[in-house]
Amino acid sequence: MDQDLPVYELFAIRYATREARRADHFIGGDPHDGPMPMDYFVWVAVGPERSFVIDTGFTQDVAKRRGRTYLRCPIETLKVLGLDGDTVQDVILTHLHYDHVGNFHRFAAAQFHLQEPEMHYATGRYMRYPRLAHSFEVEDIVGMVRLNFAKRVKFYNGGAELAPGITLHPVGGHSMGLQFVRVHTVRGWVVVASDTTHFYENMDTGRPFTTAFNIGLMLEAYDALRAAAPSPAHIVPGHDPKVMTLYPPPKPELAGIVARLDVAPLTPSP
């Protein structure tokens with residue numbers, strides 16, 4: 001821990017899930033296919049003076065249309081951590097896929113932080129291909145364009161220190177403008193990987209997730225995650241249900257809903 005930096009509390013909110021199989025999560029499938037559920041999260045870094053919401057999830061309507069099990073509204077759930085979507089000042093968007101940017105309209109005062117190549121990607125020529133476009137909701141992208149006209153989107157073209165103790169790291173691969181976030185906590189720097197690695201197993205075995213813009217960049221992104229983290233136990237994947245068993249809830253009544261990531265995992269990371 002750097003004594004000169006603010007220390008953030010860091011949380012994952014589990015807001016949705018879906019039943020899936022191992023073959024759904026690895027390019028080329030899996031020779032030992034079987035059930036492998038996927039969870040959906042938003043993340044929250046609560047600092048002594050400034051707090052950040054990392055991604056905004058999707059809505060109940062989108063969950064119904066896409067066959068996801070909607071457990072709770074992630075924006076309403078912010079209240080258990082002492083935050084209110086109406087007054088949150090900073091939202092980091094790791095990318096613009098439907099499960100990371102939906103609910104943007106629930107943040108009335110926030111500035112959104114996004115890698116510029118991601119906006120180019122989501123509004124550019126590749127969206128004519130259903131295999132790539134299916135990961136986006138058109139109305140989410142239109143909404144972000146409108147927010148840009150309202151001067152509420154701040155774009156980055158590379159790594160950045162967003163605030164002391166909060167750094168952005170572009171990697172691409174899964175989406176053209178993907179970024180992960182590093183947060184300074186009481187246990188040191190914790191890396192919120194988002195979709196840089198969906199599951200621990202994607203990174204640990206070098207087998208990328210099936211939604212890909214550039215497979216080579218996805219593989220290099222695993223190296224970037226490792227370089228940014230003090231240890232593998234400081235990397236938090238974007239969709240792995242194991243997060244909820246490896247990390248404790250901030251309060252017993254929040255078990256299965258919120259995991260506290262600024263403490264060491266209960267058992268070693270897989």
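Our subject is the structure listed above.
We now turn to the structure provided with this report.

Conventions and cut-offs
- Residues numbered from 1 in each chain as written.
- Predicted model: local features only at pLDDT ≥ 70, side-chain atom pairs only at ≥ 80, totals over all residues.
- Heavy atoms only, no water.
- Helix = DSSP H or I, 4+ residues; strand = E, 2+ residues; numbered from the N terminus.
- Core = buried A, V, L, I, M, F, W, Y, C linked by side-chain atoms within 4.5 Å.
- Buried < 20%, exposed > 50% of the residue type's maximum accessible area, 1.4 Å probe, protein only.
- Contact = heavy atoms within 4.5 Å.
- Expected span 1.5 Å × (residues − 1).
- Arc of directions from axis to C-beta.
- Polar contact = N/O pair within 3.5 Å; in protein donor to acceptor, adjacent residues only side chain to side chain.

### Re unusual backbone geometry
1) Next: The phi angle at Lys151 is positive, at roughly 65 degrees, despite the residue not being glycine.
2) Next: Along the polypeptide, Lys151 turns up in the loop between α6 (138-149) and β7 (153-156).
3) Next: In the Ramachandran plot, Ser194 falls in the positive-phi region, its phi being about 50 degrees despite a non-glycine side chain.
4) Next: Position of Ser194 among the secondary structure elements: in strand β11 (residues 188-194).

### Considerations on the nonpolar core
1) Next: Leu96, Phe107, Phe112 and Met144 are the most contacted members of the largest nonpolar core, which has 46 residues in total.
2) Next: Breaking this core down by element, the ones donating at least two residues are β1 (9-18), β2 (38-46), α1 (60-66), α3 (98-101), β6 (111-115), α4 (116-123) and α6.
3) Next: Considering each element in turn, this core owes the most residues, five residues, to β2.
4) Next: If near-sequence neighbours (up to four positions away) are discounted, Leu96 is found in contact with Val101, Leu114, Glu118, Met119, Ala122, Phe136, Ile141 and Met144.
5) Next: Listed in part, the 27 residues of the second largest apolar core include Ala163, Leu168, Val183 and Val190.

### A few points about helix α8 (residues 215-228)
1) Next: Its 14 residues place the ends of α8 20 Å apart at the C-alpha level, agreeing with the 20 Å of an ideal helix rising 1.5 Å per residue.
2) Next: Among the residues of α8, Met218, Ala221, Tyr222, Leu225 and Ala228 are the ones counted as buried. Looking straight down α8, one finds that the buried residues subtend no more than 135 degrees of arc, so they occupy a single side. Away from the buried face of α8 by more than 90 degrees, exposed residues Glu220 and Ala227 are located.
3) Next: Contact partners of the buried residues in α8: β10 (179-185), β11, α7 (200-205) and β12 (235-237).
4) Next: With a side-chain oxygen positioned 3.1 Å from the backbone nitrogen of Gly216, the residue opening α8 is Asn214.

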